[in-house]
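# Overview (structure and organization)
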Amino acid sequence: MAYGVRWEESDIRWASRWDTYLAMSDVQIHWFSIINSLVVVFFLSGILTMIIIRTLRKDIARYNKDEDMEEAIEETGWKLVHGDVFRPPRNTTMLAALLGGGVQIFGMALVIIVFAMLGMLSPSSRGALITAACFLFVFMGLFAGFYSARIYKTMRGQRWKRAALLTATLYPSIIFGVCFLLNFFIWGNKSSGAVPFSTMMALLCMWFGISLPLVLLGYYFGYRKQPYEHPVRTNQIPRQVPEQMWYMNPFLCTMMAGVLPFGAMFIELFFIFSAIWENQYYYLFGFLFLVFVILLISCSQISIVMAYFQLCGEDYHWWWRSFIVSGGSAIYVFGYSIFYFVTKLEITEFVATLLYFGYTLLIVFTFWLLTGTIGFYAAYLFIRKIYGAVKID
């Protein structure tokens, strides 16, 4: 069998050879996604403005008047729990570990998107994006340990070495374990897409040789610092939480809170899924950066709103709830992945289906950690701010 090759001179410069593949297609759809997301953010901003300016300012002004103290306490519910609002939650070690993982993911995602937006991670360099993500995640362990230690000490945690080890191993062990298991099925099919065993060992060395020590180092310095200051003291005897309204059910709150952040990003999610599962190039990192900022703002806003309504119901167990509720959009991402699998992909083999849902669950778990951490810190700062504006004897 013979074949011939004929070379023809082209007017395209060498530096511009990728422009054909990286040309922005469907730009109008992306702009529609951005405008749609901005509408969501402005809607949430309007709700927050109404709450903070009209309600909170009025409540704080009444509460700070000595003669109206008892009346103010009876009128509004969030001030009633000032002696319990900063009471440490259960399972502080696990919460600190999840928050540390979320900080690590947030730092990695932010730097990666900015670098890609500036053109430093070109698709002409195969594997540059995933390689940069791995190295950044490893080195972000220092910040993960530091901020996890600060919040762990604030929650009066005592076993910081155990918490540091859990922070360093929880998220990476889940990712590595699932990927290693899925890789066995790829090896079983004798696919060239299987990750070589040497590469898996190199990732393990990066994890135990770089990431783990950095997390422990960050934890050491973070735990030595003073805990975050709270504007009110915590009572010795916990207050009884009254029966909550039906719409304050944790599951309903999680589902309601996840709608708006997901609505702000679902169009861009379609293009990301197409790039991952249909071998299409994704190079619209400028749009992705805008969507990431909008997601950050919308998660923060919805977390603040849900925390405010929870405190108004005299329920001060907001620590875990703010983290879980803020990650509600991850449920919708998983639902959309099922819809995408049924309508867009033609996968019938068991191994291919297992790979799709295995990797999708890892994406959903990562997204839940990211959005939950964003929402937790937003709610935490908001609660410290409102109780700091109130005069407590």
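Up top you'll find the structure we're talking about.
Residue indices follow the written sequence of each chain, beginning from 1 at its first position. Confidence filtering applies because this is a predicted model: local features only for residues at pLDDT of at least 70, side-chain atom pairs given and counted only at 80 or more, and all residues used for totals across whole chains, interfaces and linings. In computing side-chain properties, one takes all heavy atoms of the structure into account and sets aside hydrogens as well as water.

## As for the side chain of Asp 84
Secondary-structure assignment places Asp 84 in the loop between helix H3 (69-75) and helix H4 (92-117). Exposure categories follow from relative accessible area, calculated using a 1.4 Å probe and restricted to protein chains: below 20% of the type maximum is buried, above 50% is exposed, and the middle band is partly exposed. A relative accessible area of 2% places Asp 84 in the buried class. N or O atoms closer than or at 3.5 Å make up a polar contact, with two conditions inside protein: a donor-capable atom paired with an acceptor-capable one, and, for residues adjacent in sequence, both atoms drawn from side chains. Engagement of the side chain of Asp 84 in a polar contact is seen with the side chain of Arg 87, the distance being 2.6 Å. Ignoring sequence-local partners within four residues, the contact set of Asp 84 consists of Asn 235, Ile 237, Pro 238, Arg 239 and Tyr 316. Under the DSSP-based scheme used, a helix requires at least four consecutive residues in state H or I and a strand at least two consecutive residues in state E, with every element numbered from the N terminus. Here a residue-residue contact requires only that any non-hydrogen atoms of the pair lie within 4.5 Å.

## Description of the packing of helix H9 (residues 250-263) against helix H12 (residues 319-326)
Working convention: axes come from line fits to C-alpha atoms, limited for helices to the stretch in contact. Angles between N-to-C directions cover 0 to 180 degrees. Two elements in contact, H9 and H12, have axes whose closest approach is 8 Å; the angle formed by their N-to-C orientations is 45°. Our classification of the angle between H9 and H12 gives oblique. Across from Pro 250, Cys 253, Thr 254 and Ala 257 in H9, the residues of H12 making contact are Arg 321, Ile 324 and Val 325. Throughout this entry, Asp, Glu, Lys and Arg are counted as charged residues, while Ala, Val, Leu, Ile, Met, Phe, Trp, Tyr, Cys and Pro are counted as nonpolar. The remaining residues, Gly among them, count as polar. Classifying every residue of the contact of H9 with H12 by side-chain character gives 5 nonpolar, 1 polar and 1 charged. Angles are sorted into four bins: roughly parallel if under 35 degrees, roughly antiparallel if over 145, roughly perpendicular if 65 to 115, and oblique for all others.

## Brief notes about the environment of Tyr 359
Looking at the secondary structure, you find Tyr 359 in helix H14 (residues 350-388). We classify Tyr 359 as partly exposed; its relative accessible area is 27%. Counting along the chain gives 181 residues from Tyr 359 to Val 178, while the straight-line C-alpha distance between them is 8.2 Å. Apart from the residues lying within four places of it in its own chain, the contact partners of Tyr 359 are Cys 179, Leu 182, Ile 186 and Trp 277.

## Observations regarding the nonpolar core
Among soluble globular proteins, nonpolar side chains are generally buried collectively. Nine residue types can take part in a nonpolar core, namely buried Ala, Val, Leu, Ile, Met, Phe, Trp, Tyr and Cys, and a core is a set of them joined through side-chain atoms within 4.5 Å. Ile 151, Trp 318, Phe 376, Ile 383 and Tyr 387 are the most contacted members of the largest nonpolar core, which totals 79 residues. For this core, the element with the most residues is H14, which contributes 15 residues. If we skip the residues at most four places from it in the chain, Tyr 387 touches Trp 78, Lys 79, Val 81, His 82, Val 85, Phe 86, Pro 231, Val 232 and Leu 311. With 7 residues, the next largest nonpolar core counts Leu 44, Cys 253, Ala 257 and Met 306 among its residues.

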